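Architecture at a glance
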Amino acid sequence: MDFSDDASLTAWIETAPLDALVAQAGRMRDAAHGRTLSYSRKVFIPLTKLCRDVCQYCTFAERPRAGHAAYLSAEEVLAIARAGAAAGCTEALFTLGDKPELRYRAASEALAALGHDTTISYLREMCALVLKHTSLLPHVNPGVMTREEIASLRTVSASQGIMLESTSERLCQPGGVHYGSPDKHPAPRLETIRLAGELKVPFTTGILIGIGETRAERLDALLAIRDLHRAHGHIQEVIVQNFRAKPDTKRANAPEPDLDDMLWTIAAARLILGPEMNLQAPPNLTPDEYQRLIAAGINDWGGVSPVTPDHVNPEAPWPEIEELARRTADMGKILVQRLPVYPAYALDAGLWLAPDIATRVRKASDADGLARDDDWAPGLATIPRQPPARLTKVDPAIERILDRAVEGNRLDEADIVRLFAARDIDYERVIQTADALRQGTSGDVVRYVVNRNINYTNICYYRCTFCAFSKGKTHEALRGTPYDLELGEIVRRAVEAWDRGATEVCLQGGIHPNYTGATYIGIARAIKAAVPGMHVHAFSPLEVFQGAATLGLPVADFLGELKAAGLGTLPGTAAEILDDEIRAIICPDKITTAEWLDVMRAAHGQGLRTTSTIMYGHVERPIHWARHLLRLRDLQAETGGFTEFVPLPFVHMEAPMYLRGLARGGPTVREAVLMHAVARLALNPLITNIQTSWVKMGPEGAAMCLNAGANDLGGTLMNESISRAAGTQHGQEFPPEAMEGLISSIGRMPRQRSTAYGPVPQDRQAASFGAPELAPIVQTPPRKLAAAE
């Protein structure tokens, strides 16, 4: 529904039937927010209840009293914050009166004793204290502020806020609820909101209805909020809060807005503020009408505390979060936890947050910018299960996308992003459909290959920010020391692998400054000379690209020489995320997306098949996952050269970009399982093998993925250096006995395979079981290495 100007929009809002307003607002909300309804798990810290304002409806503000401290002490603040952190909260909501030191000597004297001149200065210290000693993210509501105060608090808080309440100056005149309250005049409150926008502060505001304002004045306030947001893009949420009459106030007997008035205002707010705005109504203030509040257009419940009461409305207890989730589900919505800073701002933390706060937000966020829903990370030994679904009906849009995927149609980016966003019953449906597609494609057989990883050097002159494996020429940072294997040690490991039943050696390493294309040719030739039956699966597109450049050869010609020397297939690593927006952040000096694809296209043209991979869970978003999958699908449609797709979740523990606070801590369990499931669907029917990494997912996580569309367990490895360097707790070898035990435990049939998914001779299989212990490896120290002959 389009309106030519604000006058026509507000005229329609003021005259249209309530049902029509609510219906339109609900449609707008659904268009931007889908099935999710968010909340923030918070702890409420009332730093001071003293206030210089005298609002006629407020019971939060108090006068100084003998024997009562004017401010919470640092110890009291920290005790509340720690209780919140222990209860799983992510937000420390600091609420306080406005500038009490300007009215009360008790406040100014208390501040002086604490070493501060202003309440906001003390607030800043307490925010810093909470950040230092807990995992909570402060959100602050200190009232009207100057530019300098907002900027100061920005360094110690994730978000800030002030309720506009109303733009009516009339309410500040004698007889009005804001008479005698200098901070409640609209102009300074609007100026505070404007300054926050200029300073790039994610900001909360809202209106309070039922305090004597007219409906036209409500609309005027909403338009003012909208205009400020259009100018600066910083208003992350707007609250529609209904007045509640409280004893011992001048408005104790004033009428409260009825439900229809509340619904009208919510719908009006949605229609004025637009589909993308986060619109909130506190659930504890309208406890029996959740479904109608949702229908009117909200997409957020605000902060809900499992620890502290609502100090502003103490008569209205918070709902239990489980009950809130159940009643949200009754309306076909999925309750999701967010941080105090909303997803759009969390995902662009470098712009909207101070550096230290941005780091904390990244570590607490999932790929959608919501709060992580588990404490798992790739490489950890234990993995949590997803909670059971609350909804009973799958989103019809999900069903339509799944139908197209099962039919083998190419999905578009938006379709794939929607699948990655699946939660609750939608998540279960995506997983079930992917697994049914796996069953129809590869049956109950789960394949694996007996192989050995040989990482011939960890010296690399590239500067990938995610890599904990590579070392500079002499740099020994992170785990381990630099090494550069002698050719004899590489061959020895290949011979030993053959003796232990391996059919493949997988060779990759850093880009050593002394290596040339001849080095790679020599490695392949030496292995094939020593073990003619061994399949050489080696050299990522980066190594191929660099090797060709050192010899001055076209990539296709260099690949031909590698093939002649014994190269059988290529690993599809160095793909990371096939989107140059992300590559510019995580591997700026590495080959581009187009160059990676060109190497693979050339390899397939030479008859060399390859794997394909993705490394996810760091700085990218689901849109980048979608682009990556589609680029692989499109190349496979062209060449048919990919044997499998291997999702590689980011192992963050020792990764430089994580240690510098620039990345998330890997995917959540939901995201990791979905990556396998969505890959099965998005790549169908062109790439039929989806592999799960036991090194990164662990045996339990790998089993989950095998029940979500994956049909391959990868290699036994024997040695694994890259994930171990990044911090994984899983071992370096998963022998055939363990492989088959895991596969059998989920009711599937294990089968050894070759690199290209062919059968493995019985003598090779027999040799792989009960294999002797590996001899100690020799990590040759760095040396000036001549190209292998």
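Before reading on, note that the structure itself is shown above.
These notes cover the structure that comes with them.

Here the focus is the overall build of the chain. Helices and strands together make up the secondary structure of the chain, namely 30 helices and 18 strands. Along the first, second and third principal axes, the C-alpha set of the chain runs to 95 × 55 × 45 Å. When contacts within the chain are restricted to residue pairs at least 6 apart in sequence, those whose partners lie at least 24 apart make up 78%. For the chain, the accessible surface area stands at approximately 28,600 Å², while carbon and sulfur atoms represent 53% of it. The distance from the centre of the 82 positive side-chain charges to the centre of the 94 negative ones in the chain is 2 Å.

Summed over the entire model, instances satisfying the criterion amount to 50 salt bridges. Put simply, Asp98 and Lys99 hold a salt bridge, and the shortest N to O gap is 3.0 Å. Considered together, Asp98 and Lys99 belong to a single accessibility category, that of buried residues. Each of the salt bridges in this network shares a partner with another, and the network as a whole consists of Glu413, Asp579, Glu581, Arg627 and Arg631.

Taken across its 5 residues, strand β9 (residues 334–338) has 5 buried, putting it largely inside the fold. Neither face of β9 is left uncovered, since the one carrying Ile334, Val336 and Arg338 and the one carrying Leu335 and Gln337 both have all their residues buried. Two strands pair when backbone bridges link them, and strand β1 (residues 36–48) and β9 are joined in this way by 5 bridges, in the parallel orientation. Within β9, the residue paired with Ser38 across the bridge is Val336.

This paragraph deals with the nonpolar core. Soluble, globular proteins show a tendency: their nonpolar side chains are buried together. In this structure, Val430, Leu507, Phe539 and Trp596 are the most contacted members of the largest nonpolar core, which totals 125 residues. With 10 residues, helix α26 (residues 669–682) is the largest single contributor of residues to this core. Discounting residues that sit within four places of it in the chain, Trp596 has contacts with Pro541, Gly572, Thr573, Ala574, Ala575, Leu578, Ile591, Leu632 and Phe642.

Once that is clear, we can look at the sheet that holds strand β18 (residues 749–752). Spatial ordering of the open sheet is given by β17-β10-β18, a layout of 3 strands whose pairing is parallel. Only two strands of the sheet have a single neighbouring strand rather than two, namely β17 (712–715) and β18. The mean inter-strand angle of the sheet, taken between neighbouring strand axes irrespective of direction, is 20°. The pairing of strand β10 (residues 445–449) with β17 spans 2 bridges and is classified as parallel. The partner of Val449 across the bridge, within β17, is Gly715. Strands in contact with helix α27 (residues 694–706) are β10 and β17; relative to β17, the strand with the most contacts, it is inclined by about 160°.

Moving on: the packing of aromatic side chains. Given two aromatic rings, their pairing is described by the distance between the two centres and the angle made by the two planes. Throughout the structure, instances matching the rule amount to 13 aromatic pairs. A ring pair is formed by Tyr456 and Tyr520, whose centres lie 6.4 Å apart and whose planes are at 50°; its orientation type is tilted. Of this pair, Tyr456 sits in the loop between β11 (451–455) and α18 (487–499) while Tyr520 sits in helix α19 (residues 517–530), and the two are 64 residues apart along the sequence. Exposure class is identical for Tyr456 and Tyr520. Each is buried. On the numbers, 5.0 Å between centres and 25° between planes, the contact of Trp694 with Phe734 is stacked. Taken together, the residues Trp694 in helix α27 and Phe734 in the loop between α28 (722–726) and α29 (736–745) connect sequence positions 40 residues apart.

Rules of the game
Residues numbered from 1 in each chain as written. Predicted model: local features only at pLDDT ≥ 70, side-chain atom pairs only at ≥ 80, totals over all residues. Heavy atoms only, no water. Helix = DSSP H or I, 4+ residues; strand = E, 2+ residues; numbered from the N terminus. Contact = heavy atoms within 4.5 Å. Areas by Shrake-Rupley, 256 points an atom, 1.4 Å probe, with all protein chains shown as cover. Lys, Arg positive; Asp, Glu negative; His and termini not counted. Charge placed at Lys NZ, Arg CZ, Asp CG, Glu CD. Salt bridge = Lys/Arg side-chain N within 4 Å of Asp/Glu carboxyl O. Buried < 20%, exposed > 50% of the residue type's maximum accessible area, 1.4 Å probe, protein only. Pairing = 2+ DSSP bridges. Core = buried A, V, L, I, M, F, W, Y, C linked by side-chain atoms within 4.5 Å. Axes fitted to C-alpha atoms, helices over the stretch in contact; angles between N-to-C directions. Phe/Tyr/Trp six-rings, centres within 6.5 Å; stacked < 30°, edge-to-face > 60°.

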